[in-house]
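# Commentary on secondary and tertiary structure
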Amino acid sequence: MLTSRDNNAVPAAYQGREQAYIKHRLLEAYLEKLCMIVGMSSDGLGITELCYVDCFAGPWLDESEGLGTTSIAISLGILEKCRRGLFDRGKQLHFRALYVENDEKAFGRLERHLKEHTPPGIETKGLRGDFVALRTQILDWCKRGSFAFFFIDPKGWTDVGVDVLKPLLQRAQSEFLITFMYDFANRAVSMQDFQVQISELLGERPKVSGLSPPDREKAVLRTYRRNLEACVYSNTQWPARSAYVRVQDRLKDRTKYHLVYLTGHPLGIVKFMEISEKLDIVQKHTRAVTKQRSQIEKSGQTTLFEAGEFISEDDGRVSGDEVEQYWLSKLSDVRRMFGNTEFAGILEETDWFPGDLQLALGRLMDQGKIVNIDAKGRRKTRFLHYDLGRGERLQLTGGKP
Ligand SMILES: C[S@@+](CC[C@H](N)C(=O)[O-])C[C@H]1O[C@@H](n2cnc3c(N)ncnc32)[C@H](O)[C@@H]1O
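So, a few notes on the structure that sits alongside this text. (Residues numbered from 1 in each chain as written. Predicted model: local features only at pLDDT ≥ 70, side-chain atom pairs only at ≥ 80, totals over all residues. Heavy atoms only, no water.)

Before going further, it helps to examine the pairing of strand β3 (residues 122-128). Successive residues of a regular strand alternate their side chains across the two faces of the sheet. One ladder, built from 7 bridges, connects strand β2 (residues 94-101) with β3; its direction is parallel. Residue Arg96 lies in a different strand from β3, and its bridge partner there is Glu123. (Pairing = 2+ DSSP bridges. Helix = DSSP H or I, 4+ residues; strand = E, 2+ residues; numbered from the N terminus.)

With 34 residues, helix α10 (residues 266-299) should cover 50 Å at 1.5 Å per step; its first-to-last C-alpha distance of 49 Å lies within 8% of that length. Directly beyond the C-terminal end of α10, a positive phi value near 75 degrees is found at Gly300. (Expected span 1.5 Å × (residues − 1).)

Looking now at the nonpolar core. Ranked by internal contacts, the top residues of the largest apolar core, which has 119 residues, are Phe150, Ile152, Phe180, Tyr224 and Trp327. Here this core gathers at least three residues from each of two domains, domain 1 (4-292) and domain 2 (320-396). Apart from the residues lying within four places of it in its own chain, the contact partners of Trp327 are Phe338, Phe343, Ile346, Leu357, Ala360, Leu361, Leu364, Ile370, Leu384 and Leu394. (Core = buried A, V, L, I, M, F, W, Y, C linked by side-chain atoms within 4.5 Å. Buried < 20%, exposed > 50% of the residue type's maximum accessible area, 1.4 Å probe, protein only. Domains from an automatic or database assignment. Contact = heavy atoms within 4.5 Å.)

Our focus in this paragraph is the sheet that holds strand β7 (residues 255-263). Within the open sheet, the 7 strands sit side by side as β3-β2-β1-β4-β5-β7-β6. Their pairing is mixed. With partners counted over all chains shown, the strands left at the sheet margins are β3 and β6 (241-248), one partner each. Mean inter-strand twist for the sheet, computed between neighbouring axes without regard to direction, equals 15 degrees. The pairing of strand β1 (residues 49-54) with β2 spans 6 bridges and is classified as parallel. Across the sheet, Tyr52 pairs through a bridge with Ala97, a residue of β2. In the packing of helix α1 (residues 18-40) onto the sheet, contacts are made with β1, β2, β4 (147-152), β5 (174-180), β6 and β7, and the angle to β4 comes to roughly 175 degrees. Across the sheet, helix α3 (residues 71-88) is in contact with β1, β2, β3 and β4; its angle to β2 comes to roughly 175 degrees. (Axes fitted to C-alpha atoms, helices over the stretch in contact; angles between N-to-C directions.)

What follows is the structure, given as structure tokens:
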């Protein structure tokens, strides 16, 4: 779980690759949430088995014996924590994990780690080879009827093209977390020589000419998400949905990659975005500390100030006015219910954080413009309980009863 402690320190083992720290905190926090939610509803869902698939497992840039800063050790730790947590709550799910790695030396270390560190209640397997060539084997390993979470984290971009991922995306009862190398896409998207590669990656060539850098980023990401979603197993009741976390360069103020998340369940989007919001603060602190350290190293002088003193938690967030206008345009004088499904739709449509949407609602309620029909008494922070029962009803003040 992400806590305020995560704001303060980046473990020494992540120094020089602070982006991996953000990626791993997201993996850890979301995987735990997912396993607990799926596990607790397993009877209703008819699920007896939970699979974690690390499609580009490593180990990568971690020479330690315990592999503590790799997705291998992190995922194993979370799976074991959830298996025990669910067992204590009377749920006996079978946990399995598959780790795919191409490189011979890395695979040797992976196999050794699995042999020595797999917790007793979990079944693990290492699979050596090229992820693309192994897609059918990976799907066979998952077996039918299990719930599967795929972590797809290559170094480059060729293996996360829409068509390459399609066979996996078509699997029912699956969720995906994909590292999308925006650094590459951003540079290549308007270069004539790269149009074939861009089309393979995004599923089509987006129109970006004349767009500002932030709008270009949105357009590229929207294209990729839309084409991935079109491949995800879905039906009218459970349409494919996506969200993302932006991971910035450790020192420069630009996007390095996005972690794109795909699911068929609205609750997944809500939980992912709640975690993403907490992670935004962690990332701001991490980058401030990293920049400060880099400056000290360059100048040879220490500084009197704590890195955290220069962080504005609002940096890069949507303006309050914009969110207020959005709510006003969304509501009318007829009551409208907002539960997890409706709120997930808003998060997907806007890419804003839940907290920004809540604060704008609170201000509009204070101004007497919006009313929450189901709220009993004055609230301080969570002005809409989208996650309680079917949710709550909002309407413009003075509307129909
Ligand atoms: C970015 S690293 C993975 C990091 C790891 N997921 C983590 O978070 O700790 C990518 C890994 O994929 C491996 N790899 C590269 N190409 C591959 C391929 N085609 N199939 C499977 N593994 C591959 C590399 O050897 C490397 O270990």
